Every structure is written in C-alpha cells, then in structure tokens.
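Letter by letter, the chains look like this.
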Amino acid sequence: MKNIPDDFAPQMRPGAIGGSGMGGFAPAAGIDYAALVQRLLRNWYWFVLAIGLCLALAYLHLRYTIPIYEAQTSMLIQEQSGGQGGLSKEAIAQELGFENTYVIENEVYMLRSNYIMERVVRLLGLDVSYIHQGAVRNTEIYQPEAFALVAADTIEMVPEEIEYGSVMVRFDDEQQFSLIRGEGDTTSMRYTQAFPIGNRAFKLVRTAVETPLSSESVYQINVMRVRDVAGRYSRALSVAQVERSGVVNLSLTDPVPEKAKDILNALVTVYEQQIVEQQSQTGQQTLTFLDERLEFVTEELAEVESDMSQFRQGAGLNVDVQTAGASYLERVNAVDAQLSEQQVRRELIRDISNNLTGGGGYRALPLASEVIPPVLTSLITQYNETVFTRDQKLEGVTEQHPSVATYDEQLDALKQTIMQSVNVLLQESNQRIGNLQAQLQPIESNLSRLPANEQRLLEIMRDQNIQNNLYIFLLTKREEANMTIAAQVPNTRIIDRASAGSSPISPNRPMIYLLAIGVGLIVPAGTMFLRELLGKTVSTEKEVANYLPYPIVGRIVHSPAKEPLQVLKNQRSAIAEAFRLLRTNLGFLLPDGQSAVIMLTSSVSGEGKSFISSNLSAALALTKKRVVVVGLDMRKPKLAEMVLHEDNSRRTVGLSNYLIGKSTYEEIVVPSPHERLSVISSGPLPPNPAELLMEGRMDTLMERLRQNFDLIILDAPPVGIVTDGLLLKDHVDVTLFVARVGVTPKKSMHYINELVDAGKLSRVNLVINGIDPKAAYGYGYGYYE
C-alpha cells in the first residue's frame, strides 16, 4: 500500500474505518442545512414565480373583497349617587326619589343590547338596503338620494306574520322602471304602482328627479327583519370601558363608513332617550297618582262651590259670617288642613301597597318625599333603582337568566321590608286621622249654638276650604313632579362625535401583500424542506456521508452530455477531470507492482455504476496500463453498450458463455476502440447468474486476468438487490460503492452497513455520482465550465 499524502487522502468521517469492517458504527442521518440553503438559492426562480403568483392572487382578493371601515365614538357615563341640595333639578329628583346611580358595567351591557339596536334600525330605516350590482363587486348604497322604497299598505301586522324578501330593479327613464324577479321575468312599472315584497306592498319613488340614473345599472332592494338586522349590527359593535373610568369607547365596522357613523350617533341618542325614560318612570307613577286625586278633588270642590252658591241665593245671605262663625272657621280650618295631609298620605301609602301586592311583575313605585317619611323614601328609592337595573338587564337576556334571578331576590326582600313599613305607616296614619277627627268634635259641637242658616253656611264654607287646600296641595305636588320629569337629563356626555377613517381596516392591503410575499417564500422553501426531510432518496453529498461513513474517493458531477464515455485523451471537461481525480485517489489505495481488482457496485439500479465503470477504465487506460472491464451484471447489462457502442442483446459471446464452457478466454476478451482497454461483456442473459459465478471457471478467469492485465474493473450488479457481487469478495482488492444523489434510497444504506460489518464487502470506498456542479462549486468544478 502506498503512503497517502494529506493533500490527496480520501475523505474519512470520524469513526469511519477504511478496512474490512465498520465495527458496528451506524451514524444517525440529519438534515444538511447548509446544503438546503444552497438548494434554496439555486432554485431562486421558484421563489420569484411563487411570489408573483401569490401577489396576483392577493390583488384579485383585494379587487373582489368588499372593504370594511370602522367608525368610532367615545362618551362619558357619569356615576352619581344622590343629589345636591337647593332647588336644582338634582335636588328635586332626589326629593321625589329619582337618583342617578349607575353602574358602568350595566350601561355597557345596555349599549350592546338588541333592544337599543332595534330602535336604531327603525330610526335610520336600516331594515331596507339598496345594493348596486357591479361588474366586479356589489356596493351598498346608503340612503340613496335619487330613489327610495316606501310602504304602500297601511295594514298593521304582527311582526311574526310579516314575510320579507328582495327584488331587482333597473331604472329605465323618469316615468318607469323595470322590476326583475328572475331570469326572463322582467316587468315594466310606473313609479306610482305598488308591487309586493314578501306579503307586503311597496312603491318605488323618485326623491330627486334631477339626479340621473343609468339605465344599465341594476339595484337589489332587500327588505329585512328588524331583529335580524339589529343582531348583525350588535355583533359588529364593540363597547369597551376605558380602564376603571366612566369613559366608554364605541366602534362599529361596516362597508359604508357614513352608515357606521350614523349608527353610532343614533345609538348614543337612543341610549340617552332610554335613560331619560327609565328615570321618569317613578315620576310618571307619582304623577298618575296626583292626577287621579286632583280629578276627584276638583269634582268635589266644584260641587261644594255650587252648593254654597245655591244656599246663599236660597237663604238670602249676601254678607260674611259673624265673628263667632269666623272664629269657628279659623279653628276648624287649621285642623282640616292637617287632616287633609294625613288623608293624602294615607292614600299614597295605600297606592304603594296596591302596587306591591297587585301582581304583574315589578314596577316603579310612586314617591313624594314630603308626604312619606325618609325611611320609606329610602327603601322605595332603592326598590325603584333595582327595578331600573333589572329592566336594563332584561333588554339583553331572558327572565330565566341567573343575574335576573338575583335581582328578583333583592326585589322580593325589599318588597317585604317596604310592606312592613307600609303597614306600620297605615296604622300610624289611621291613628293620626282619628286624633284629628276627635279634635274636631268639640269645635263642631259649638256650631249648634249658631243660627241654622249660619250653621249651614259655615259647614259649606268649611268643606270648601278643605277641598281648596287639598286642591292647592295636590296641584303643588303635581307641578313639582312635572318639573322633575322635565328636568331629567341623561347621565352621558359626548367626548368625541362619531368619525370614520378614510382607509378601510379590512382588508389590510399592506398586510395582505406582505402575507402574499411570505407565502410565496414559505411554500417553495417548505416544499424543498419537506422533500429533504421526507424524501426517500439521499439529496446531498453530506447526507450520503452521514449514512455511509466511508472514505470518499471520487465525486462525479452531473453532465448534460449524452455520450456515455466522457474520458478521452484530450478531453478537459469537468466530468473528465472528476474521473482523473478518482483515478489519482485510487492510486493511493491499490497495491504496488501487481495487478489489482476493483469492483464497482451500488444499492439499486440506475445509480450510474456502469457509467462510472466504463469511464474509470478509460481514465486508467490513459496511464498506459492494461485495463480490462468485466460486465459482471448479467441481469441488466449496459457495459458493452457504453464501451463498445453495441447493444448487449446482439452480442452472442460474453462472460455467461465462458462460465458455462461454451466460449474460451480469448473469445470473450474484446479490445475496445480505446488503446490498452479491453472489455468482457455480460453475454446472453442466463437464468442463474449467481450459480454461474460460484463455479470454478470464475476463479480461473480471475487468475488469467491478473496475469494479462494491470487493472481489472468489475461492473457488478447492485448488492442491495442481488448477491452476485458478494460472491467475488475474495478476488477484490478495492470495492467502490456508487451512491447517486437523488437516486440512492435511504433505506438501503443500513443494509450496506450491515454487509460491511459482516465482512461481506472488503475495503469499501465511496464514489458519489450525480453531484450538481452549481452546488459543488466548493470543489472547483465550475472552473471547467
């Protein structure tokens, strides 16, 4: 064995053994990321193509996608507990039980409720939409100026019985339009004619005749259920409290920015109206009670005044009562005033009791803080606030919701407490009324001492004073209640009016184009990575070396040339130089001064074994050595075709003839067109190649070849498929295992290692075939291009 200089030594992986065995070493294969990056760079055109395609798809997506805009507004919801003193509207509201105590979370929930949004839909007429049918995409027309759809019937229908639908219209001229209901179903109609949509009748009117309408444009008019439209906009609405403050941000997304702004503004307006309505419920209850009492007192007062007028005329009394009678009226009026207040107080307490026990759910209770004591006022105020909060919650949930059940428990507990206070107050009022009536008895007994006419007149005047005082008292309370109701204001303040950006939030054009570029990069890169990871064949030289840790003595680059024999005397191509380098490396492995046998094999067919055998033999023959290449593959022979340019099927003499004894040594050794290179072809295909190689004639042939030639090249069949090459192990000095990038299967590598470990292949060295010259620039192949 020659000493191998460091500059020409074959590549040896750590742990690899250049001798007969591997000592059980079997390295784990991994991904060659450096080679993968080189592959990505070499296939740059796939990235350009993928990015271009993705950008085109992104453009089409943006072209046909309806843009979505966002409108925003912000408002301050003030939390107040109690009012202020004095004659301010807050003080009056507190005095009559109207306290603006709000929980921000409840108000946020109320803003999201479908009930509020349904009122907005009805206010803006959003249950009717107009869609312009475009060539690329359809566009909604919000509140068109030139036309509008109006109801032509006045029939009141239950919402559940109303049927909805849509029609297509085309404006022909200023007098008529076309109603399109389907393919071939088009009707010309005048603007005064009614047509059905669902089970209702509508008319199309021109609101601005001076605004031209194209006769080619088609519009779709949709009449939708208010509840469905409100639900859609409620889902598009976002309501968020700013940290723990009273500031609430509202945002709404919609294809029409103007409509989104109008919806937010209308939502705030309807919400404020709802707050005022709820705040006024208690005042309305009190006002109803006072109106009923005033109507009754007014009738009583009118009757008393009529009686006085008739009595004076009948008795001929046109002067005031005498001093005794005036004293009587003064004393009795003072007691009657107290008695009237107590009676009004008792009536109000009874009305509260009737509301609590009358059934029909929970309702706000009437309240006048000057009539009933502060303790009951506080309880009723708390009860009314709980009723308001419960009503707000019911706008978004059902009565079976757990939160509503919590409010029901609170209201029931307040009911019991209020009823206990009401019963005590009723007893107290009855007792006070009885005491006052007892005070009147001695005063009334003195009345009998006066003359009959004067006595009757004083009684009538007393009734008149009672009804008059009561009337003034009730009238004063009613005015106070009216002032309170009129003074109710929402607990909100607009911080920023609704506004919408000029650019849509969806689709996000920069993000989509950036995503398209990312996909254009990821798809080809991912495909190549998956091919690298999941591929069944080795894809790089480094991967081959990871699976087969043997010395690499040759690297054959891929050549587009069609000629099988690439090594000629004056040939200076990259592939020819690769074979010359292989020849040089073999010189360090072969024994000195004697003939040597080199066997080339592989794992499967198609790895270029015969191609390397023929070109390596030609390269060795150029060194003025006698070389013979033997076609040992008697199953799929290709050697004769490559070296002799003959079809092996037409050769009648070859190795198989010699092994069965039908041809002599001289007949099978055929000189090639290349100087000092001879060929032994495979010959006719035998049925039992392995048995023929085990015959003694193969040993005799090898001895004759060693005597007559310096180098014997054996083109053996793949050892991963058949065992023919393993039978000549004892005759072989060097085994060249051919692995081709992109062809050699990974699963066969472990089998090759097992053969080496078992000593069935001797002195194994690698020849890697099919290396991409662009990927192998590090080896200098580009120098010959």
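Residues numbered from 1 in each chain as written. Predicted model: local features only at pLDDT ≥ 70, side-chain atom pairs only at ≥ 80, totals over all residues. Heavy atoms only, no water.

## What to know about the sheet that holds strand 11 (residues 237–241)
Thought 1: Strand order in the open sheet made by the four strands is 11-12-1-13, with antiparallel pairing throughout. Single-partner strands in this sheet number two, and they are strand 11 and strand 13 (492–500). If you compare each strand with its neighbour and ignore which way they point, the axes differ by 15° on average.
Thought 2: With five bridges joining them, strand 11 and strand 12 (residues 247–254) adopt antiparallel strand pairing. Within strand 12, the position partnered with Ser238 by the bridge is Ser251. (Pairing = 2+ DSSP bridges. Helix = DSSP H or I, 4+ residues; strand = E, 2+ residues; numbered from the N terminus. Axes fitted to C-alpha atoms, helices over the stretch in contact; angles between N-to-C directions.)

## Looking at the pairing of strand 15 (residues 596–602)
Thought 1: In terms of burial, strand 15 is largely enclosed, as seven of its seven residues are buried.
Thought 2: As paired strands, strand 15 and strand 19 (residues 711–715) are joined by five bridges and run parallel to one another. Within strand 19, the residue paired with Val597 across the bridge is Ile712.
Thought 3: Two strands pair when backbone bridges link them, and strand 15 and strand 20 (residues 734–740) are joined in this way by five bridges, in the parallel orientation. Directly across from Thr601, in strand 20, lies its bridge partner Phe737. (Buried < 20%, exposed > 50% of the residue type's maximum accessible area, 1.4 Å probe, protein only.)

## Some thoughts on the nonpolar core
Thought 1: Core analysis: the largest hydrophobic core is formed by 45 residues, its most contacted members being Leu655, Ile680, Met698, Leu701, Leu705 and Leu714.
Thought 2: Contacts of Met698, omitting those with residues within four sequence positions, involve Leu632, Leu655, Leu659, Leu693 and Leu728.
Thought 3: Core analysis: the next-biggest nonpolar cluster, separate from the first, contains 37 residues, Leu565, Leu589, Ile612 and Ala621 among them. (Core = buried A, V, L, I, M, F, W, Y, C linked by side-chain atoms within 4.5 Å. Contact = heavy atoms within 4.5 Å.)

## Notes on unusual backbone geometry
Thought 1: The peptide bond linking Ser506 to Pro507 adopts the cis configuration, its omega dihedral lying at 0°.
Thought 2: The phi dihedral of Lys624 is positive, around 65°, even though this residue is not glycine.
Thought 3: Residue position: Lys624 is located in the loop between helix 16 (609–621) and strand 16 (627–631).
Thought 4: Phi is positive for Arg763, which is not a glycine, with a value near 45°.
Thought 5: With respect to the secondary-structure elements, Arg763 resides in the loop between helix 22 (747–757) and strand 21 (764–771).

## Quick word on the confidence of the model for the protein chain
Thought 1: In the predicted model, the protein chain carries a mean pLDDT of 80, and 81% of its residues have values of at least 70.
Thought 2: Here residues 1–29 is a poorly scored stretch, pLDDT under 50, and it has 62 contacts once near neighbours within four places are set aside; other chains count.
Thought 3: Segment residues 81–102: pLDDT under 50, and 53 contacts once partners within four positions in sequence are set aside and those in other chains are kept. (pLDDT = per-residue confidence, 0-100.)

## Topic: the sheet that holds strand 4 (residues 147–151)
Thought 1: A sheet is described by the order of its strands in space; here three strands give the open sequence 4-9-8, paired in antiparallel fashion. Each end of this open sheet is capped by a strand with a single partner; those strands are strand 4 and strand 8 (194–197). Neighbour-to-neighbour, the strand axes of this sheet turn through a mean angle of 40°, independent of strand direction.
Thought 2: Alignment of strand 4 against strand 9 (residues 200–206), held across five bridges, turns out to be antiparallel. Bridge assignment links Leu149 to a residue of strand 9, and that residue is Leu204.

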